[in-house]
Amino acid sequence: MSRKIAGFLVALGAFMIFEWINLGFNLADGHKTSFYVVHGILIAVNVVLAVIVGIIGWKGLRRAR
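Right, let's walk through the structure included here. The structure displayed is predicted, hence computed values, not measured ones.

Thresholds applied
- Residues numbered from 1 in each chain as written.
- Predicted model: local features only at pLDDT ≥ 70, side-chain atom pairs only at ≥ 80, totals over all residues.
- Heavy atoms only, no water.
- Patch = residues over 30% accessible without salt bridge, like charges linked within 9 Å, V, L, I, M, F, W, Y side chains within 5 Å.
- Areas by Shrake-Rupley, 256 points an atom, 1.4 Å probe, with all protein chains shown as cover.
- Salt bridge = Lys/Arg side-chain N within 4 Å of Asp/Glu carboxyl O.
- Helix = DSSP H or I, 4+ residues; strand = E, 2+ residues; numbered from the N terminus.
- Phe/Tyr/Trp six-rings, centres within 6.5 Å; stacked < 30°, edge-to-face > 60°.
- Buried < 20%, exposed > 50% of the residue type's maximum accessible area, 1.4 Å probe, protein only.
- Lys, Arg positive; Asp, Glu negative; His and termini not counted.
- Charge placed at Lys NZ, Arg CZ, Asp CG, Glu CD.
- Contact = heavy atoms within 4.5 Å.
- Expected span 1.5 Å × (residues − 1).

The next thing to look at is a nonpolar patch on the surface. A cluster of nonpolar side chains, Met1, Ile5, Val37, Ile41, Val45, Val48, Leu49, Ile52 and Ile56, forms an exposed patch at the surface whose accessible area comes to about 820 Å². Tallying contributions element by element places helix H2 (residues 33-64) first for the nonpolar patch, with seven residues. With respect to the helices and strands, the residue valine 45 is situated in helix H2.

The structure is reproduced here in structure tokens:
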């Protein structure tokens, strides 16, 4: 994996974590419980995927040195 791609994966992981956490804090009140359950699951899955992508990118950066 090239350093460019590894850096991109690290940046993508960081952006995804920021974006989904931000979405979680910006959910408006007044929705049904199912709305919050679905969005909570989406946020959790995407944060886990972001961490995985970030780890892959980080390992790629360390190997490219």
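On to the packing of aromatic side chains, then. Per the counting criterion, the structure on display carries one aromatic pair. Measuring from centroid to centroid gives 5.4 Å for phenylalanine 35 and tyrosine 36, while their planes differ by 85°, and the two rings are edge-to-face. Relative accessible area serves as the criterion here: at 24%, phenylalanine 35 is assigned to the partly exposed category. Judged by its relative accessible area of 28%, tyrosine 36 is partly exposed.

What follows deals with a positive patch on the surface. A surface patch of positive charge is lined by Arg3, Lys59, Arg62, Arg63 and Arg65. Looking at the positive patch element by element, the count peaks at three residues for H2. Looking at the secondary structure, you find arginine 3 in helix H1 (residues 3-26). We classify arginine 3 as partly exposed; its relative accessible area is 48%.

Following the sequence through the fold, asparagine 22 ends up in helix H1. Considered as a pair, asparagine 22 and isoleucine 43 are 21 residues apart in the sequence and their alpha carbons are 9.8 Å apart.

Moving on, we come to the side chain of asparagine 46. With respect to the helices and strands, the residue asparagine 46 is situated in helix H2. Filtering out sequence-adjacent residues up to four positions away, asparagine 46 remains in contact with Met16 and Trp20.

Below, the discussion takes up H2. Over its 32 residues, H2 extends 46 Å from the first C-alpha to the last, a length consistent with the 46 Å expected when each residue adds 1.5 Å. Along its buried surface, H2 packs onto H1.

Function-wise, these values are silent; they only describe arrangement.
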